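The chain contents come next:
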Amino acid sequence: SQQGEEDPQALSIQEGENATMNCSYKTSINNLQWYRQNSGRGLVHLILIRSNEREKHSGRLRVTLDTSKKSSSLLITASRAADTASYFCATVSTPQGGSEKLVFGKGTKLTVNP
Amino acid sequence: DTGVSQDPRHKITKRGQNVTFRCDPISEHNRLYWYRQTLGQGPEFLTYFQNEAQLEKSRLLSDRFSAERPKGSFSTLEIQRTEQGDSAMYLCASSKGQGRGTNEKLFFGSGTQLSVL
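Let me begin by describing the structure that accompanies this report. A quick note: this is a predicted structure, and the numbers were derived from the prediction, not measured.

**Quick notes on the sheet that holds strand E8 (residues 75–79) of chain B**
Residues and elements named next belong to chain B. The strand order across the open sheet built from 4 strands is E1-E3-E8-E7, with neighbouring strands paired in antiparallel fashion. Of all the strands in the sheet, just strand E1 (5–7) and strand E7 (65–68) have a single pairing partner and so form its edges. When strand polarity is set aside, the average angle formed by the axes of neighbouring strands in this sheet is 15°. Judged from the 5 bridges that link them, strand E3 (residues 19–24) and E8 form a sheet pairing that is antiparallel. When the bridges of E8 are listed, Arg22 appears paired with Thr76.

**Notes on the interface of chain B and chain A**
At the junction of the two partners, chain B supplies 24 residues and chain A supplies 23 residues. A combined buried area of about 1,900 Å² lies between chain B and chain A, and 48% of that area is made up of carbon and sulfur atoms. Its largest share of buried area at the contact with chain A, chain B owes to B:Thr102, B:Asn103 and B:Phe108, together 24% of the area lost on that side. Joining chain B to chain A, the criterion identifies 1 salt bridge. Across the salt bridge formed by A:Lys101 and B:Glu56, the nearest N and O atoms sit 3.5 Å from each other. Applying the counting rule to chain B against chain A returns 8 residue pairs in polar contact (both at pLDDT 80 or more). When the residues that make up the side of chain B that touches chain A are grouped by side-chain class, the tally is 9 nonpolar, 9 polar and 6 charged.

**A short note on the state of the cysteines**
All told, the structure shown has 2 disulfides over all chains when counted by the stated rule. Disulfide pairing places A:Cys23 opposite A:Cys89 at an S-S distance of 1.9 Å. One disulfide, between A:Cys23 and A:Cys89, carries an S-S torsion of 55° and so falls in the right-handed class. Of this pair, A:Cys23 sits in strand E3 (residues 19–24) while A:Cys89 sits in strand E9 (residues 85–93), and the two are 66 residues apart along the sequence. Each sulfur of the disulfide joining B:Cys23 and B:Cys92 lies 1.9 Å from the other. With the S-S dihedral at roughly -65°, the linkage between B:Cys23 and B:Cys92 falls on the left-handed side. With B:Cys23 in strand E3 and B:Cys92 in strand E9 (residues 88–95), this pair connects stretches of sequence that are 69 residues apart. For the pair B:Cys23 and B:Cys92, one class covers both residues: buried.

**Describing the pairing of strand E4 (residues 29–37) of chain A**
Residue and element names in this part refer to chain A. Most of E4 sits out of view: 8 of its 9 residues are buried. With 8 bridges joining them, E4 and E9 adopt antiparallel strand pairing. For Gln33, the partnering residue across the bridge sits in E9 and is Ala90. Relative to strand E5 (residues 43–50), E4 is paired through 7 bridges, and the arrangement is antiparallel. Across the sheet, residue Asn31 finds its bridge partner in E5, namely Arg50. Connecting E4 to the antiparallel partner E5 that follows it, the hairpin turn spans 5 residues, and Gly40 within it adopts a positive phi of roughly 75°.

What counts and what doesn't
Residues numbered from 1 in each chain as written. Chains lettered and ligands numbered in written order. Predicted model: local features only at pLDDT ≥ 70, side-chain atom pairs only at ≥ 80, totals over all residues. Heavy atoms only, no water. Pairing = 2+ DSSP bridges. Helix = DSSP H or I, 4+ residues; strand = E, 2+ residues; numbered from the N terminus. Axes fitted to C-alpha atoms, helices over the stretch in contact; angles between N-to-C directions. Contact = heavy atoms within 4.5 Å. Buried area = accessible area lost by both parts, 1.4 Å probe. Salt bridge = Lys/Arg side-chain N within 4 Å of Asp/Glu carboxyl O. Polar contact = N/O pair within 3.5 Å; in protein donor to acceptor, adjacent residues only side chain to side chain. Nonpolar A, V, L, I, M, F, W, Y, C, P; charged D, E, K, R; others polar. Disulfide = S-S within 2.5 Å. Buried < 20%, exposed > 50% of the residue type's maximum accessible area, 1.4 Å probe, protein only.

Set out below in structure tokens:
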């Protein structure tokens with residue numbers, strides 16, 4: 001079963017623009033992770049944010065977490081054609097909340113046009 | 001760091017046949033995960049090992065599926081009597097973790113794409 005739901009399902013932008021993807025989840029979590037997947041390949045870890053953190057940065061990536069709204073967002077600034085991929089959020093629930101293994105959403109398919 | 005490798009990359013089989021996939025994790029990683037992914041969906045958890053012990057199996061995993069990690073290094077996933085619904089990408093991931101839950105990042109292999117005809 002999938003816990004996180006990404007929004008939008010698909011996003012198409014021009015190179016240089018910012019891309020924002022959102023993730024909502026249902027149970028209390030221990031941490032939330034974002035992964036990227038190029039077509040037909042495995043997933044690559046981007047950022048892990050713990051439940052007591054509100055924001056994290058890594059290069060052009062910025063992730064926020066709002067546990068009161070059970071939501072997270074991934075911002076990619078100054079996008080490049082090479083950022084074209086599917087982006088997944090994945091949550092690890094607390095022992096009371098559900099699965100303590102990574103549970104993935106359906107992903108957002110990002111297309112960055114040159 | 002040679003990464004997580006999976007073999008084969010692609011497997012085409014006929015319904016009813018048995019198939020086996022192999023995963024070699026990053027050498028110092030104690031945890032190994034199997035996920036399954038169908039088109040347009042996120043990966044779904046199948047099973048998880050810590051060292052050689054299989055600690056959790058998803059309810060999605062029918063009796064036709066079995067996984068092993070005999071020496072706490074590589075792992076195999078076998079599907080017996082394959083069905084067309086088994087067609088999917090099978091992903092392996094490894095990590096260095098401790099304690100309860102997945103509190104660390106996972107490193108994924110490129111997957112094995114299974115097609116059951």
